[in-house]
Amino acid sequence: MPLEPPEWWYLADGARDWRARALTPVSAIWGRVAARRIEKSRPYRSRLPVICVGNFTGGGTGKTPLVMHLVEQLTARGERPVVLTRGYGARETGPLWVDAGRATARDVGDEPLLLAGVAPVMLARNRRKGADAIEASGRDVSVIVMDDGLQNAALAKDLSIAVIDGPRGIGNGLVMPAGPLRAPLAFQLALADAIVINGETVKLGADVSAFKGPVFNGHLEPTGDVGWLKGARVTAYCGIGNPQRFFATLTAHGANVVERAAFPDHHAFSKADAERLEATALASKSCLVTTEKDWVRIPAADPAFKTLRECSRVVPVRMTFAPQDQERLIGLVNDRLARARS
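Undergrad: Explain the nonpolar core to me, please; I cannot follow it from the model alone.
TA: Side chains of nonpolar character tend, in soluble globular proteins, to be buried together. Counting 34 residues, the largest nonpolar core has I51, L66, L70 and I161 as its most contacted members. Leave out the neighbours within four places in its chain, and I161 touches C52, V53, G54, L66, L70, A194, V196 and L329.

Undergrad: Hey, could you run me through empty space enclosed by the protein in this one?
TA: One water molecule sets the probe size; rolling that probe over the atoms shows where empty space is left. Scanning the entire structure with this criterion turns up 1 cavity of 30 Å³ or more. Taken as a whole, the largest cavity spans an internal volume of roughly 30 Å³. Looking at the largest cavity, the residues that line it are L70, Q73, L74, R77, I330, V333 and N334. Those elements that place two or more of their residues in the lining of the largest cavity are α2 (63–76) and α12 (323–341). Along the lines of polarity and charge, the residues of the lining of the largest cavity split into 4 nonpolar, 2 polar and 1 charged.

Undergrad: What am I meant to see in the packing of α2 against α12 here?
TA: Packed helix pairs are characterised by how far apart their axes lie and by the angle those axes make with each other. Orientation of α2 relative to α12, taken along the N-to-C sense of each, is 70 degrees, at an axis distance of 12 Å. Considering their axes alone, α2 and α12 lie roughly perpendicular with respect to each other. Seen along the crossing, α2 lies across α12 with a hand that is right-handed. Of the residues in α12, those in contact with H69, L70, Q73 and L74 of α2 are Q326, L329, I330, V333 and L337.

Undergrad: Looking at this model, I keep getting lost on the sheet that holds strand β13 (residues 317–321). Mind explaining?
TA: Reading across the sheet, the 9 strands line up as β3-β4-β2-β5-β1-β6-β7-β8-β13 and stay open at both edges, with mixed pairing between neighbours. Strands at the two margins of the open sheet, each flanked by one partner only, are β3 (96–97) and β13. Where α2 meets the sheet, it contacts β1 (50–55), β2 (81–85), β5 (143–147), β6 (159–165), β7 (194–198), β8 (215–222) and β13, and its direction lies at approximately 155 degrees from that of β1.

Undergrad: Could you clarify how one ought to interpret unusual backbone geometry in this entry?
TA: Across the chain, the bulk of peptide bonds are trans and the bulk of non-glycine residues have phi less than zero. Following G94, the chain continues into P95 via a peptide bond in cis, with omega recorded as 5 degrees. Counting through the fold element by element, P95 comes out in the loop between β2 and β3. One non-glycine residue, D148, adopts positive backbone phi at about 70 degrees. Residue D148 is classed as buried on the basis of its relative accessible area of 14%.

Undergrad: Got a minute to help me understand the sheet that holds strand β10 (residues 256–262) in this structure?
TA: In sheet architecture, strand pairing relies on hydrogen bonds along the backbone and comes in two forms, parallel and antiparallel. An order of β10-β9-β11-β12 is seen for the 4 strands of this open sheet, with the pairing classed as parallel. At either margin of the open sheet sits one strand with a lone partner, and together these are β10 and β12 (312–314). For this sheet the average axis-to-axis angle between neighbouring strands, irrespective of direction, equals 30 degrees. The pairing of strand β9 (residues 233–238) with strand β11 (residues 287–290) spans 3 bridges and is parallel.

Undergrad: What am I meant to see in the side chain of K293 here?
TA: Counting through the fold element by element, K293 comes out in helix α10 (residues 292–295). According to the relative accessible area criterion, K293 is buried, its value standing at 12%. In this structure the side chain of K293 is engaged in a polar contact, spanning 2.9 Å, whose partner is the side chain of D265. Non-local contacts of K293, meaning those with residues more than four positions away in its chain, are made with D110, E111, L114, G239, I240, D265 and H266.

Undergrad: Got a minute to help me understand the packing of aromatic side chains in this structure?
TA: What describes a pair of aromatic rings is the distance from one ring centre to the other and the angle between the planes of the rings. Here the structure, examined in full by the defined rule, presents 4 aromatic pairs. Note on F246 and F247: the rings are 6.2 Å apart at their centroids and 50 degrees apart in plane angle, and the pair reads as tilted. By relative accessible area, which is 5% here, F246 ends up buried. Considering the side-chain rings of F263 and F269, the 5.2 Å spacing of their centres and the 80 degrees angle between planes classify their relative orientation as edge-to-face.

Undergrad: Just checking my understanding: could you explain the environment of P167 for this structure?
TA: Tracing the sequence through the fold places P167 in the loop between β6 and α6 (185–189). For P167, a relative accessible area of 45% puts it in the partly exposed group. For the pair P167 and E200, spaced 33 residues apart in the sequence, the C-alpha separation amounts to 6.0 Å.

Undergrad: In this structure, what is going on with the pairing of β2? I would like to understand it.
TA: Two faces, one strand: in a regular strand the side chains alternate between the faces of the sheet. Where burial is concerned, most of β2 is hidden: 5 out of the 5 residues are buried. Side chains P81, V83 and T85 project from β2 onto one buried face, and the interleaved V82 and L84 project onto a second face that is buried too. In this structure, β2 lies alongside β5, joined through 5 bridges in parallel fashion. What sits directly across from V82, in β5, is I144. One ladder, built from 3 bridges, connects β2 with strand β4 (residues 121–123); its direction is parallel. Each residue of the ladder has a partner; that of T85, found in β4, is L123.

What counts as what
Residues numbered from 1 in each chain as written. Predicted model: local features only at pLDDT ≥ 70, side-chain atom pairs only at ≥ 80, totals over all residues. Heavy atoms only, no water. Core = buried A, V, L, I, M, F, W, Y, C linked by side-chain atoms within 4.5 Å. Buried < 20%, exposed > 50% of the residue type's maximum accessible area, 1.4 Å probe, protein only. Contact = heavy atoms within 4.5 Å. 1 Å grid on protein atoms, 1.4 Å probe; cavity = no way out; pocket = protein on both sides within 12 Å on 5 of 7 lines; lining within 4 Å. Points joined across faces, edges and corners; volume = space filled by probe spheres on them. Helix = DSSP H or I, 4+ residues; strand = E, 2+ residues; numbered from the N terminus. Nonpolar A, V, L, I, M, F, W, Y, C, P; charged D, E, K, R; others polar. Axes fitted to C-alpha atoms, helices over the stretch in contact; angles between N-to-C directions. Parallel < 35°, antiparallel > 145°, perpendicular 65-115°, else oblique. Left-handed = near helix turned anticlockwise from the far one by under 90°. Pairing = 2+ DSSP bridges. Polar contact = N/O pair within 3.5 Å; in protein donor to acceptor, adjacent residues only side chain to side chain. Phe/Tyr/Trp six-rings, centres within 6.5 Å; stacked < 30°, edge-to-face > 60°.

The following block contains the structure:
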């Protein structure tokens, strides 16, 4: 089961925390191994352009909403995008096409099910095999959008976008397990062509601030009618990388969040979880509210979860940009697609 990132990763003085200091030697090894693996790789060049959305750190930053945003924008401009994903926590290894009508989150992962709502999704733990399968499928595809994989060197990318959670930034700036970074930051910055900062920025650090590529500011906003949230008493529950962001979104739209239940990212809900959430909402006379990502993980065919599904309301979110940043971002995407095809 995925674990929650330690709070001390994101403390202002987290780098001085005794746990960070104790784990620094392990982090140095981790960082060297990660960098060496990428440097020694021989990426496969697909005949299709590849746009990658990744992040520098572990945990939720908003990658999936950005992938959905890019797919929708590409489709609106006449492109035929396909999403390539590894399916975190999935039983299946692929390559296989995700059938949203038949697959479960335990089969393919929660994020692939969400993404299948906006574009065809190829699940493949081996990204090169996934690209091969897309090319050999005979489908009318014009571009691959790779969900995660900034540090995956199996597939050459034409555009790599790294997403940073604005409020949390890069945490204490250390590599796992002493901090949240997946590899040394300076090394990762060289892998990225652009950065999207999700939410209001608190502190990014000098290294990120010195990034030479374009930086865009995005925000996660609920879609559809959320007027019902104003004044509503809600029991909010979620198992995402940054649950506090979801709780804050509900509050910002007027909800009275009387109970909060945060689970580990990609959490597989149990019967006991369902019973506890139902009892909490009943006792507090509140409505159960969750995210799209959590909703797809609640087993639809299991009677033990029938009440939880019937009593929960879902608040979908999407990445949004100010008009100027939206125009710049799409301009960058169009430019890289043109280069890849020239």
